[in-house]
Amino acid sequence: MKTEKIILISSLILIAVLLAEAYRENINNEWQPFQKLYKKELKKKAIDKKEQKLADNYEIKMRQIVVPELNRVDRCVICHVGIEDPRMVNVPQPIKVHPGDILGDHELEKVGCTVCHDGQGRAVTKKEAHGVSVAFWEKPLMYPPFLESNCVRCHNVESLPELTLVKKGKDLFLRNGCLGCHELRGKGGNLAPELTNISDANIHLKHPVSEELLDRFHHNANIAYIYESVKQPGAQPEITAMPDFNFSEEEILALTVFLKGLSKKEVPISYLAEIQEGKQPETVHGEPLYRKYCVACHGTDAKGGVKNINYIKRTVPELNILAERMFLDEPENANKVSELLKNGVDITKMSPKLDVPKRGRVLAQYRAIRNVIKRGSPAGKADPEGPEPLLHMPSWAKGLSDKDIDSIIAYLLTLYPWEQEETSE
Ligand code: HEC
Ligand code: HEC
Ligand code: HEC
Ligand code: HEC
Ligand code: HEC
């Protein structure tokens, strides 16, 4: 008698467990009602027997897009069932067809959804899949205009006209000397955190971001952090070398969209829309290099004036006076040397020899300046007891070639304010 009872009870428990599991899997899930709704819409929209039959046979089941090349399993389509069905226009989300033509340009089976949208591909509840209300979720769903940031994983900024913000942000990044302190893909300074993978997860979160910003950016902590870092360098540790650039709101947003596109997680070459930049040879011009690497410390047009706490000279030296430093007293001579350097001529070894007055001193100064750029130079303290100056001259031996350095010097030589000299005399 007793064993019968045990068997009965354990069978009942087993049945209960199985029922609960079946309930969880099939009835109490978020996605099933959406698939049922879609099935209803299919029936409503069927225009002939064949479509009617297809609608009747439509199965309510698990759906997913598996993309091993991108290491993704995207179950978004478990709810977004009508995403490729052009008939699904006047229906509610999530069963609507995808807007625009973009799925015509990208084969869904090959890319999935998260490569453009982020979100948690494997999740089957909206809360987890969108990751939006889950605090500090690694990759929450992205909202416009941040979708742009993901397009540049496979596209060049220049080749898609719709990528307006990334393009603007990249221009700002390259023109304001961010690379003077930050490193990006092996190039740039060493005074500040590397930005190559700033968009990968929240590893960069060094301080909590405000609730207000989190709300504004749909609880994407990574975006909020990048935005705050650019807008208000003081939001970071109180004394920071990072200057306040006084960017406009639109410029901050553009920079944030650009930075949000920087990732170490590269897609396979077969997924790239075009040959990526950086894999093509770059032409060397002094002015853009100066703006890329030097302008944040040495100032616009190399006029100096950038404050440096407790530094002997108070502000970072101006570089528009290099002509004078190199004993090039006449505009013709400065232009001559500038042209030679621009064209890649080694002025120390050329033959016939460099033809300018005081050649020996000119060449010695040129070597000295080149050496400062290559080796760097720590900024001396004004008050020996005071704090360390925040801005030091970094070493560019690794980041810039000799040709790059010569082209920057060539550019700097053109900046000497000759006219002003004459009028003041
Ligand atoms: C469990 C169902 C479910 C899953 C899974 C799901 N979504 Fe959604 N999604 C919805 C619903 C419902 C809406 C309608 C808007 C709402 O209720 O927030 C929606 C809306 C959206 C929107 C419009 C923006 C918005 O917030 O209204 C986007 C974009 C989106 N989903 C993308 C995705 C992506 C990408 C995935 C996969 C990572 C995904 N969804 C997975 C249910 C889901
Ligand atoms: C190649 C990039 C790309 C892929 C892949 C992609 N989307 Fe989109 N998606 C976009 C862009 C860009 C928009 C905004 C388009 C617009 O507004 O015209 C968008 C818009 C949407 C919207 C409407 C958002 C709104 O606010 O109304 C939903 C929903 C959506 N996508 C879901 C998905 C789902 C689900 C998948 C995968 C099945 C997917 N997308 C795949 C780029 C993509
Ligand atoms: C996973 C890589 C990948 C992502 C992410 C991606 N694309 Fe593409 N895209 C491609 C490839 C590959 C092509 C096909 C190029 C071809 O046919 O030559 C393409 C084609 C296109 C085209 C057709 C015109 C053309 O240049 O061939 C447009 C427009 C486009 N993509 C826009 C976007 C936008 C906007 C986004 C971001 C929302 C985006 N793509 C994200 C890989 C991607
Ligand atoms: C003079 C040096 C300097 C320049 C130029 C500079 N930064 Fe910074 N930046 C820093 C320092 C130092 C930090 C680290 C903040 C801290 O911890 O004090 C930082 C932090 C950041 C961060 C947060 C990074 C992280 O991992 O926490 C971002 C994003 C950033 N800077 C963007 C920019 C952009 C965009 C520009 C150009 C417009 C720029 N920076 C120019 C010095 C600089
Ligand atoms: C992080 C700030 C910073 C960046 C970026 C930077 N410099 Fe400097 N640079 C300095 C400081 C500070 C000094 C002064 C050092 C000293 O007092 O010895 C200096 C000194 C120099 C000097 C010597 C000037 C003189 O009057 O003796 C030259 C030349 C120079 N930098 C060139 C460059 C070039 C070229 C670049 C870009 C490739 C560059 N710097 C980027 C901070 C910077």
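Draft legend 1. The domain arrangement of the protein, seen in detail. Domain annotation for the protein reports domain 1 (28-130), domain 2 (148-271) and domain 3 (286-424). Summarising the inter-unit geometry, the C-alpha centres of domain 1 and domain 2 are found 32 Å apart. Both faces combined, the contact of domain 1 with domain 2 buries some 670 Å², and carbon together with sulfur accounts for 49% of it. Our enumeration of links across domain 1 and domain 2 arrives at three residue pairs in polar contact (both at pLDDT 80 or more). Of all elements in the fold, only α5 (108-111) and α6 (114-117) reach the threshold of two or more residues within the side of domain 1 that touches domain 2. For the side of domain 1 that touches domain 2, the element with the most residues is α6, which contributes four residues. For the side of domain 1 that touches domain 2, the per-class residue count stands at five nonpolar, three polar and four charged.

Draft legend 2. Fine view of helix α13 (residues 286-293). Of all the residues in α13, the buried ones are G286, L289, Y290, K292 and Y293. End-on view of α13: buried residues confined to an arc of 165°, all on one side of the axis.

Draft legend 3. Looking closely at the nonpolar core. In this structure, F173, L259, Y290, V337, I409, L412 and L413 are the most contacted members of the largest nonpolar core, which totals 70 residues. A domain split of this core shows at least three residues from each of domain 2 (148-271) and domain 3 (286-424). Not counting residues up to four positions away in its chain, the partners in contact with I409 are L322, M326, L341, Y366, I369, R370 and I373. Grouped together as the second largest cluster of nonpolar side chains are 12 residues, I65, L70, L108 and V267 included.

Draft legend 4. Focus on the coordination of the iron atom of ligand 5. Looking at the metal site, the iron atom of ligand 5 is ligated by H298 (NE2) and M393 (SD), spaced 2.1 Å from it. The coordination sphere of the iron atom of ligand 5 comprises six donor atoms, whose angles at the metal cover 87 to 178°; the geometry is octahedral. Of the two residues, H298 is situated in helix α14 (residues 295-298) and M393 in the loop between α17 (359-375) and α18 (402-413); the sequence distance between them amounts to 95 residues. You can call M393 partly exposed: its relative accessible area is 23%.

Analysis parameters
Residues numbered from 1 in each chain as written. Chains lettered and ligands numbered in written order. Predicted model: local features only at pLDDT ≥ 70, side-chain atom pairs only at ≥ 80, totals over all residues. Heavy atoms only, no water. Domains from an automatic or database assignment. Buried area = accessible area lost by both parts, 1.4 Å probe. Polar contact = N/O pair within 3.5 Å; in protein donor to acceptor, adjacent residues only side chain to side chain. Helix = DSSP H or I, 4+ residues; strand = E, 2+ residues; numbered from the N terminus. Nonpolar A, V, L, I, M, F, W, Y, C, P; charged D, E, K, R; others polar. Buried < 20%, exposed > 50% of the residue type's maximum accessible area, 1.4 Å probe, protein only. Arc of directions from axis to C-beta. Core = buried A, V, L, I, M, F, W, Y, C linked by side-chain atoms within 4.5 Å. Contact = heavy atoms within 4.5 Å. Donors = N, O, S within 2.8 Å, 3.2 Å for Na, K, Ca; no water. Tetrahedral: all angles 85-135°; square planar, octahedral: opposite > 155°, others 65-115°.

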